[in-house]
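Results of the structural survey
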Amino acid sequence: MRLEQAKLLNSLKGTSLNLKTFIPLTVKYDASPEFPSYYSHRYLHEKKLGRDDLVRMDEANRRNMKAYMENIYVMEELTRLQTNLALLRKHQETNRRAEMKPLEVDVNGLKIDDFVLITFPGELTVEIGLNIKKASPHKHTFVAGYTNGYIYYTPTAQQLQNVGGAQEDSDCLLAPPWQQLFETKVAQMLKAL
């Protein structure tokens, strides 16, 4: 992620525009793409005189607007990376202070008639919930996250191979083996209900 940050910072381009000049130019060029800088008769008059000052100015403005927009996209990506790095540092510090002790959470199962509920204190991905429902011997099985505490995002083992690719992936305390442990424990609980 730090390498990506450096790469993005190096991709920023200088432009003569700032936000105050970019917005009015964008409005003008969107409202009148063919003759954005002045009335059409001025363009036609310049053409008749063999001049292309307005056309060249429009080309330069379009280049600058494109560069400015690309810079905005880069800044958005840098903001996302900055957030993800902060989350990773936060969770690394939490893990360091815990001295790599196992993370213990409450997982509960509840059965009322044909309704079955499994609870978990993390933000489970849809894939994990669907795995649990598929493996359940009960027709009406539901999975509730954010229960009995909160241990942040709980992605699949595969998603955890992409740490830093999305904010959710950076906001996680778990290692990849967690998914198999959780799904195995839940399968045991479902059979016992």
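Data block above holds the structure.
Notes on the structure follow. In this text, all values refer to a predicted model and were calculated from it rather than measured experimentally. (Residues numbered from 1 in each chain as written. Predicted model: local features only at pLDDT ≥ 70, side-chain atom pairs only at ≥ 80, totals over all residues. Heavy atoms only, no water.)

Remarks on the pattern of salt bridges
Applied cut-off: The working definition used for a salt bridge is a side-chain nitrogen of Lys or Arg within 4 Å of a carboxyl oxygen of Asp or Glu. Burial classes: relative accessible area under 20% of the type maximum marks a residue as buried, over 50% as exposed, and values in between as partly exposed (1.4 Å probe, protein chains only).
Counted according to the given criterion, the structure contains six salt bridges. Between Arg 51 and Asp 53 there is a salt bridge, with the nearest N and O atoms lying 2.4 Å from each other. Residues Asp 52 and Arg 56 are paired through a salt bridge, measuring 2.9 Å at the closest nitrogen-oxygen approach. On the accessibility criterion, Asp 52 (36% relative accessible area) is partly exposed. In this structure, a network of salt bridges that share partners links the residues Arg 51, Asp 52, Asp 53 and Arg 56.

Details of the nonpolar core
One broad trend across soluble globular proteins is that nonpolar side chains are buried collectively. In plain terms, the rule: Grouping buried Ala, Val, Leu, Ile, Met, Phe, Trp, Tyr and Cys residues that are joined through side-chain atoms within 4.5 Å yields what is termed a nonpolar core. Only runs of H or I of at least four residues qualify as helices and only runs of E of at least two qualify as strands under DSSP, and these elements are numbered from the N terminus. Whether two residues are in contact is decided by their heavy atoms: any pair within 4.5 Å suffices.
Counting 14 residues, the largest nonpolar core has Trp 178 and Phe 182 as the members making the most contacts within it. Listed by contribution, the elements that provide at least two residues to this core are β2 (115-119), α5 (126-135) and α7 (178-192). Ranked by residue count, the leading element in this core is α7, at four residues. Phe 182 has contacts with Val 107, Phe 120, Leu 124, Ile 128 and Ile 132, leaving out every residue within four places of it along the chain. Of all hydrophobic cores here, the second largest spans six residues; its members include Leu 17, Leu 25, Tyr 29 and Tyr 68.

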